[in-house]
Amino acid sequence: PAPALWGRERDGGPISKLQWFAEASPSKKTPSPMRFGRNRERSRLHTYSESPMRAAASPATPRTPRGTSPRPRSIRTDSPRVPVRRSPRCDSPHSPKGASGIALNNADLKSIRPIARENPNLEFLYLRENNFSDFDPWQPLEQLKVLDLSLNGITSCDFLWDYIDGQRVSRLPNLHHLYLTGNALVSMRYFNYLPYLQTLTLSSNAITSFEGLQHCDNLRVLSLHHNDIETLKYFPRLPSLNTLNLIGNPVSRHPFYRILVLALCPPDISKIDSKDVTDEERAEADKIVGKLRYAILEGFLPLRSSSDWEADAELFFLTSQNRTTATEALQLLAIDINKTKTPCVEGEPTEIRVCMRDTRERELGHTRVFQSEYMVPMEFRVKGDADKVSLVTNVNDWAPIEMTKDQDGEHFSVTLYVTPGVCLYKYVVDDEDIIDEPTTEYEGAVYTVIEIPDAPKHDSDDGDNLDSVLHIRWLRSDFIKRWVVIENENSSVYTPTIDDIGKCLRVEILSYLEGEYKNQVYHLSNPVEPGFPTVHATLQGKAVEGGDLVLSATYTGGTESASMIRWYRQGVTGRTPLSTDDPRLYRVQNTDIGERIVVVYTPRRDDGLLGDDVEAISDIIAPLPPTATKPRVVTEAVEGSPLVVEFDYQGGFPARAADGGPDEPEGEQGEDDADHVR
């Protein structure tokens, strides 16, 4: 951002008032050399050719020609105070008119404390090309919105934060635009929880990772070109990001770099490396979802020659965890969700399959067993005089497991922690197969077959044994927190619900050895798919005249929309449609007596897919005992005129109307006013 621009032009463009003074007051003083970055010439070049920042953020500060004094003639040079350059007005898009600010570019400054002390209400501050190794204003600048520290020697941004009573407090709480191009920063750990930050330029530093940049929800412009970022690991969630610059980093040389970056950016991203994002690029990026997307966030980059990125991501997760757990008590050998490689579907059980190798000495592994309700330790042991013995088994996807020679020098053994199921295996002793009974054939080869039993239940009072445990938990993806724990789901099987649709599942196995947390292994699913529209329907209520039959239905299969519910009276002649105000409630009429009520439910998903019809049938409708209520005379009491009475009747159909004589109607007898009128 430039200081205030004034009307005079030179070489076809406006120049600042500061430069005007510099030209009018030549001096023999030479500006001090720049102190920034690893490559000064490269930093200088990219600072002033940073087109996305110049176009989308703000123009670069006009530089004072060499051989001229950077100090305006209007400021007394004999003052003991630090000379400042005030701008009464500013036309920069990031410094609104009437804002208070100071520009001291290329002024050979080493400290900002005197300026901050005298100007605590600054709104913008330009300090390019000085000698700062740190920026310490000593006091909070609560009104500061624009800070430019480009082309200095800044190695840390701890100046952004202060700690009061153990709480981290921002020193620049209203900072909107921060420029740190051409410094010596190696980390982004300082830039988190900056809610008002809109522009952040960190180009030409020595940053190697995105780790630390987070919770900057209003950040629109991020420039990191010419750093040392090799992967997209820890790429931040930036919901407002519009412009991104990563050119000049090792990761930008990947042939699919723009597609991979675009898959991690919000939908409103419009420019990457000064180029507009095309519709074709967005279409390709939309294909990167689920497990593949999270693999990229873990540092995975597809091979140039690969055509199956999903399989590559699967292998990446396994090999990276196998490598990181090699020195742990349990080393991950295989992990998967759903053995058949089928997608996770709402309402269908999802199961984890795991194989972990106990890397400890055999005796120690026998005495300190990891307890789990869903994984069991299985020891494979064979005797023989051999140089090399391997175990080949389906629980490890048939990859050979090299067995260790025991201390007795005669046996080879390996202990695996596996989930229950059928296990096929064989030993390979110096290239010779050894197969025990019973056997089975699988894909043309013969293996020993055994059933891995369920894990035994453990007594909670046995504290010593429960110090070493394997704990399972399930999580679902979340756009804000990335992963959210699903409460009370700690078994090897989980059934996805409607809350999981469109989200990925993550299952973790946490290892605790002698009461101390050691490590975790995990696996991811692709987004959970909605199930087929299905409903379980029942009728509740009494099947009697005047009673209410209520439809109780449980729907699964995505989001329900406009399902169809129809009511019928079913008799010997077929079904008669019934009408009802409430589609889930029907009030039984006397015309239904002796027949059944049927409700037909056709589930419908919000995408229009119809499920199968489901019926619920009532018992035979029974009449109530003959009952008449609310008798009332409905004619005037006039001599010579008949009196007419009406009443409400229930109890089927009356046999005949009584006239007060001795004869009673046939059928069940009720109260006096129910059978006839006296």
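Just above, that's the structure.
Report on the accompanying structure. The shown structure was predicted, so the numbers you read here are calculated from the model rather than taken from an experiment.

**Structural notes on the nonpolar core**
Here's step 1: Counting 75 residues, the largest nonpolar core has Leu147, Leu160 and Phe191 as its most contacted members.
Here's step 2: Elements with a minimum of two residues in this core: helix H4 (113-118), helix H5 (257-264), helix H7 (290-297), helix H8 (309-324) and strand S29 (516-524).
Here's step 3: The element best represented in this core is H5, accounting for 7 residues.
Here's step 4: Apart from residues no more than four positions distant in its own chain, Leu147 is found in contact with Leu125, Phe135, Phe159, Leu172, Leu175, His177, Leu178 and Tyr179.

**Details of a nonpolar patch on the surface**
Here's step 1: Among the surface-exposed residues, Val633, Leu643, Val645 and Phe647 lie close enough to one another that they form a single nonpolar patch of about 340 Å² accessible area.
Here's step 2: Mapped onto the fold, Leu643 is located in the loop between strand S37 (627-633) and strand S38 (645-650).
Here's step 3: You can call Leu643 exposed: its relative accessible area is 56%.

**Quick look at the packing of H7 against H8**
Here's step 1: At their nearest, the axes of H7 and H8 sit 9 Å apart, and the two run at 50 degrees to each other. Between H7 and H8, the angle is such that the two are oblique. For the element pair H7 and H8, the recorded crossing hand is left-handed. The residues of H8 that touch H7, namely those facing Lys291, Leu292, Tyr294 and Ala295, are Trp309, Glu310, Ala313, Glu314, Phe316 and Phe317.
Here's step 2: Split by residue class, the contact of H7 with H8 holds 7 nonpolar, no polar and 3 charged.

**What about the packing of H5 against H7?**
Here's step 1: At a closest axis distance of 10 Å, the pairing of H5 and H7 adopts a crossing angle of 105 degrees. On the basis of their axis angle, the class for H5 and H7 is roughly perpendicular. Where H5 abuts H7, its residues Leu260, Ala263 and Leu264 lie against Arg293, Ile296 and Leu297.
Here's step 2: When the residues that make up the contact of H5 with H7 are grouped by side-chain class, the tally is 5 nonpolar, no polar and 1 charged.

**Focus on the pattern of salt bridges**
Here's step 1: Following the criterion strictly, the structure yields 28 salt bridges and no others.
Here's step 2: Arg171 serves as the salt-bridge partner of Asp136, at 3.3 Å between the closest nitrogen and oxygen. Of the two residues, Asp136 sits in the loop between strand S4 (124-126) and strand S5 (146-148) while Arg171 sits in the loop between strand S7 (167-170) and strand S8 (177-179), which places them 35 residues apart along the sequence.
Here's step 3: Bridged by salt links that share partners, the residues Arg113, Asp136 and Arg171 form one connected network.

**With respect to a negative patch on the surface**
Here's step 1: On the surface, Asp385, Asp387, Asp430, Asp431 and Glu432 cluster together into a patch of negative charge.
Here's step 2: Looking at where Asp430 falls in the secondary structure, it is placed in the loop between strand S21 (421-429) and strand S22 (432-434).

**Some words on the sheet that holds strand S12 (residues 271-272)**
Strand pairs in the sheet, formed through backbone hydrogen bonds, run parallel or antiparallel to each other.
Here's step 1: In space, the 9 strands of this open sheet follow the order S3-S4-S5-S8-S9-S10-S11-S12-S13, with mixed pairing throughout. The open sheet terminates on both sides in strands that have one partner only, identified here as strand S3 (101-103) and strand S13 (275-276).
Here's step 2: Of the pairings in the sheet, the one linking S12 to S13 comprises 2 bridges and is antiparallel in character. Within S13, the position partnered with Ile272 by the bridge is Lys275.

**Topic: the side chain of Ser203**
Here's step 1: When you line up the elements, Ser203 lands in the loop between strand S9 (199-201) and strand S10 (221-223).
Here's step 2: The exposure class assigned to Ser203 is buried, which follows from its relative accessible area of 0%.
Here's step 3: Within the structure, Ser203 has its side chain in polar contact with the side chain of Ser223 (distance 2.6 Å).

Reading guide: rules and limits
- Residues numbered from 1 in each chain as written.
- Predicted model: local features only at pLDDT ≥ 70, side-chain atom pairs only at ≥ 80, totals over all residues.
- Heavy atoms only, no water.
- Core = buried A, V, L, I, M, F, W, Y, C linked by side-chain atoms within 4.5 Å.
- Buried < 20%, exposed > 50% of the residue type's maximum accessible area, 1.4 Å probe, protein only.
- Helix = DSSP H or I, 4+ residues; strand = E, 2+ residues; numbered from the N terminus.
- Contact = heavy atoms within 4.5 Å.
- Patch = residues over 30% accessible without salt bridge, like charges linked within 9 Å, V, L, I, M, F, W, Y side chains within 5 Å.
- Areas by Shrake-Rupley, 256 points an atom, 1.4 Å probe, with all protein chains shown as cover.
- Salt bridge = Lys/Arg side-chain N within 4 Å of Asp/Glu carboxyl O.
- Axes fitted to C-alpha atoms, helices over the stretch in contact; angles between N-to-C directions.
- Parallel < 35°, antiparallel > 145°, perpendicular 65-115°, else oblique.
- Left-handed = near helix turned anticlockwise from the far one by under 90°.
- Nonpolar A, V, L, I, M, F, W, Y, C, P; charged D, E, K, R; others polar.
- Lys, Arg positive; Asp, Glu negative; His and termini not counted.
- Charge placed at Lys NZ, Arg CZ, Asp CG, Glu CD.
- Pairing = 2+ DSSP bridges.
- Polar contact = N/O pair within 3.5 Å; in protein donor to acceptor, adjacent residues only side chain to side chain.

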